[in-house]
Amino acid sequence: MGTTKSRISRRRLLKQGAAAAAAGAALAAPGTAALAQAPAVITGRTFRAWISRGAGRGRTTLQEVRLRPITGRQVVVRTEACNLCYSNVGAVLGLQPAPPASGGTSAASVGLAGVNANDMALMQGHGGVGVVEAIGPEVRRVQVGDRVCVSGTPQCGSCYHCLRGRADICQLLGRNLPGDLVPVADLRDGTPVYSNSHIGGLAELMVTFEEWVVPVITKATPTDLGMVLSCVSVAGLGATTTGTLAVVPPGGTVAVVGCGPLGLSAVQGARIAGASTIIAIDPIRTRRELALKVGATHILDPNVEGAKLIERVRGLSGGPTTRAWSGGRDSGGRRSGAGADVVVEAAGAEFVRPKLEGGPDPTGILPMQQAYEMCSAGGHLVTTGLVRGTIALPAFLFAIGGISHSGGQAGGANPMRDIPRFVEMLHKGQYDTKSLVTRVVSLEDMIGAYEEVAYRTTVTAIMTA
Ligand SMILES: [Zn+2]
Ligand SMILES: [Zn+2]
């Protein structure tokens, strides 16, 4: 946190807020119109933040900014830890345009109002953990002093999807394009500063809305908490332990394609859920070894297996017997082996060629297609990788092969329901953070660590502020 540690009392904030009515940001964009309504709360606090602007390498710099008055359901969180997510490599390092992922995570995304993200001063990151420093007068979910996860996925609780138990696809998730964002701070020259996707994270403060915060009651260290509640861990555990998208049967078979922090969290989730056979697939040797350490029973290198990869996974999924009249598993003769009950695809596209072993397809399309064909009849594929291009699948298999597929935004995790459960998994020693955190950096050293993430020379980098 550097030297600016001034805490702000809630009473003082509310008092000052009354005098500052109407000074708050007005959210004009459709869909976010009700996010900020009440009198503003003055803070005036300065803090350091990694700000992206313009294009190309060097677009993200560490700057001192001044917090704007907060209002309505806004929440100011003092950052404890933030994961350097691979999906933001393009936006943070300016290596190339990011893939068309969710909204504001793209370096070149253009909002409904025609605002280009490259022209905006954007606080990078999309989630983290920390302590609430200030809240707008309408906030109910958290109080000043609470430890919270600022979740990459919001949960408004009242949209169509939240109401039917699918907060993983809360409709506020899509309200993060440049035109939806509100200024939360100012640069020294008065340039307005925005939080990426209403979240941020790569800064001493996160300025977000109530819908994105989840209170967590824990004494876990910032690094451990930042790891287990990172966007990627939440997605990996979500896909395997929540049952929203797929149910991992105890004693069943799970294949995980791609062993970055998301895949390694899925491996752990499969273990926690009681799977007996957990097949981890990654081109990088050190990541396969990590997979074995955190719960995989088998590891495969896609570069070695080549075209036989699908058959290898199907062959490992058969269980003790293939005898049809004895409860054995096979694919009924049409395909080899049985196939996995659940496959989690966590490979995704490469922004830059890794300095360690590269995969067979930098676009991430091939691993996704292979993941589908690894599923058993009646099995389930959850995809989480961000890829560019078009998926081609055998049409017969797709049409009547009995495989179901979920596009796994956040792995189906429902933030308010599942994040506290993931913290319990940390408390009980079920989820291993120590093996996954391969780099811890200070705010100042963030960019160097992001390069390591980009070139895959580290598995997970956690920034502590
Ligand atoms: Zn992420
Ligand atoms: Zn919602």
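This text follows the structure it describes.
As the structure is a prediction and not an experimental result, all values here were calculated from the model. (Residues numbered from 1 in each chain as written. Chains lettered and ligands numbered in written order. Predicted model: local features only at pLDDT ≥ 70, side-chain atom pairs only at ≥ 80, totals over all residues. Heavy atoms only, no water.)

K.L.:
Quick rundown of the overall build of the chain? Include the residues and the values.
P.N.:
Check the secondary structure of the chain and you find 13 helices and 18 strands. Sorting the 465 residues of the chain into buried and exposed places 59% on the buried side. Long-range pairs, those at least 24 residues apart, make up 71% of the contacts in the chain between residues at least 6 apart in sequence. Counting only carbon and sulfur atoms, one obtains 54% of the accessible surface of the chain, whose full area is about 17700 Å². (Helix = DSSP H or I, 4+ residues; strand = E, 2+ residues; numbered from the N terminus. Buried < 20%, exposed > 50% of the residue type's maximum accessible area, 1.4 Å probe, protein only. Contact = heavy atoms within 4.5 Å. Areas by Shrake-Rupley, 256 points an atom, 1.4 Å probe, with all protein chains shown as cover.)

K.L.:
Lay out the pairing of strand S12 (residues 277-281) in plain terms, naming residues and giving numbers.
P.N.:
Within S12, five of the five residues are buried, leaving the element largely enclosed by the surrounding structure. Taking every second residue as pointing to the same face, both faces of S12 are buried, with Thr-277, Ile-279 and Ile-281 on one and Ile-278 and Ala-280 on the other. Bridge count between strand S11 (residues 253-257) and S12: five bridges; the pairing is parallel. Bridge pairing in S12 places Val-254 opposite Ile-278. Handedness of the β-α-β unit built from S11, helix H6 (residues 261-273) and S12 comes out right-handed. As defined by bridge partners, S12 adjoins strand S13 (residues 298-300) across three bridges and the pair is classed as parallel. Looking across to S13, one finds that Ala-280 is bridged to Ile-299. In this fold, S12 hands off to helix H7 (residues 285-294), which returns the chain to S13; that crossover is right-handed. (Pairing = 2+ DSSP bridges. Right-handed = clockwise from strand over helix to strand, strands pointing away.)

K.L.:
I'd like a description of the coordination of the zinc ion (ligand 1), backed by residues and values.
P.N.:
The coordination sphere of the zinc ion (ligand 1) contains the protein donors Cys-85 (SG), His-126 (NE2) and Cys-231 (SG), at a distance range of 2.0 to 2.3 Å. Counting the intervening residues between successive donors of the zinc ion (ligand 1) yields the motif C-x40-H-x104-C. Within this pair, whereas His-126 is found in the loop between strand S4 (121-123) and strand S5 (128-135), its partner Cys-231 is found in helix H5 (residues 231-241), the two being separated by 105 residues in sequence. You can call His-126 buried: its relative accessible area is 12%. Residue Cys-231 is classed as partly exposed on the basis of its relative accessible area, which comes to 25%. (Donors = N, O, S within 2.8 Å, 3.2 Å for Na, K, Ca; no water.)

K.L.:
Go over unusual backbone geometry with me, naming the residues and quoting the values.
P.N.:
Of note, the phi angle at Ser-197 is positive, near 55°, even though the residue is not glycine. Among the secondary structure elements, Ser-197 is positioned in the loop between strand S8 (192-195) and strand S9 (205-209).

K.L.:
Outline the pattern of salt bridges, listing residues and values.
P.N.:
Tallied over the full model, the rule gives 21 salt bridges. Among the ionic pairs, Lys-434 bridges to Asp-224, the shortest N-O distance being 2.7 Å. With a gap of 210 residues between them, Lys-434 in the loop between helix H12 (415-427) and strand S17 (437-442) and Asp-224 in helix H4 (residues 222-228) connect regions that are remote in the sequence. The exposure class assigned to Asp-224 is buried, which follows from its relative accessible area of 12%. (Salt bridge = Lys/Arg side-chain N within 4 Å of Asp/Glu carboxyl O.)

K.L.:
Would you mind going over the coordination of the zinc ion (ligand 2) in detail, with residue names and values included?
P.N.:
The protein atoms donating to the zinc ion (ligand 2) are Cys-156 (SG), Cys-159 (SG), Cys-162 (SG) and Cys-170 (SG), with metal-donor distances spanning 2.3 to 2.4 Å. Around the zinc ion (ligand 2), the four donor atoms are arranged such that angles at the metal cover 105 to 118°; this shape is classified as tetrahedral. Between the donor residues of the zinc ion (ligand 2), the gaps in sequence give the motif C-x2-C-x2-C-x7-C. When its relative accessible area of 12% is taken as the criterion, Cys-162 is described as buried. (Tetrahedral: all angles 85-135°; square planar, octahedral: opposite > 155°, others 65-115°.)

K.L.:
So what's going on with H12? Residues and values would help.
P.N.:
The end-to-end C-alpha distance of H12, which contains 13 residues, comes to 18 Å, matching closely the 18 Å that a straight helix rising 1.5 Å per residue would cover. Residues Pro-415, Asp-418, Ile-419, Phe-422, Val-423, Met-425 and Leu-426 constitute the buried set of H12. The buried residues of H12 occupy an angular sector of 155° when the element is viewed end-on, so they sit on one face. On its buried face, H12 sits against strand S6 (147-150), strand S10 (213-215), H4, H5 and H6. At the C-terminal side of H12, Gly-429 shows a positive phi close to 75°. (Expected span 1.5 Å × (residues − 1). Arc of directions from axis to C-beta.)

K.L.:
Lay out the packing of aromatic side chains with the relevant residues and their values.
P.N.:
Applying the stated criterion to the full structure yields three aromatic pairs. Taken together, a centroid distance of 6.3 Å and an interplanar angle of 50° make the contact between Phe-209 and Trp-212 tilted. Taken together, a centroid distance of 6.2 Å and an interplanar angle of 40° make the contact between Tyr-372 and Phe-398 tilted. With Tyr-372 in helix H10 (residues 365-374) and Phe-398 in helix H11 (residues 395-400), this pair connects stretches of sequence that are 26 residues apart. You can call Tyr-372 buried: its relative accessible area is 3%. Residue Phe-398 is classed as exposed on the basis of its relative accessible area of 54%. Cation over ring: Lys-355 sits above Tyr-455, and NZ or CZ is 4.3 Å from the ring centre. Sitting above the plane of the Tyr-86 ring, Arg-456 keeps its charged end 4.1 Å from the centroid. (Phe/Tyr/Trp six-rings, centres within 6.5 Å; stacked < 30°, edge-to-face > 60°. Lys NZ or Arg CZ within 6 Å of the ring centre and 35° of its normal.)

Function cannot be inferred from these measures alone, as they are strictly geometric.
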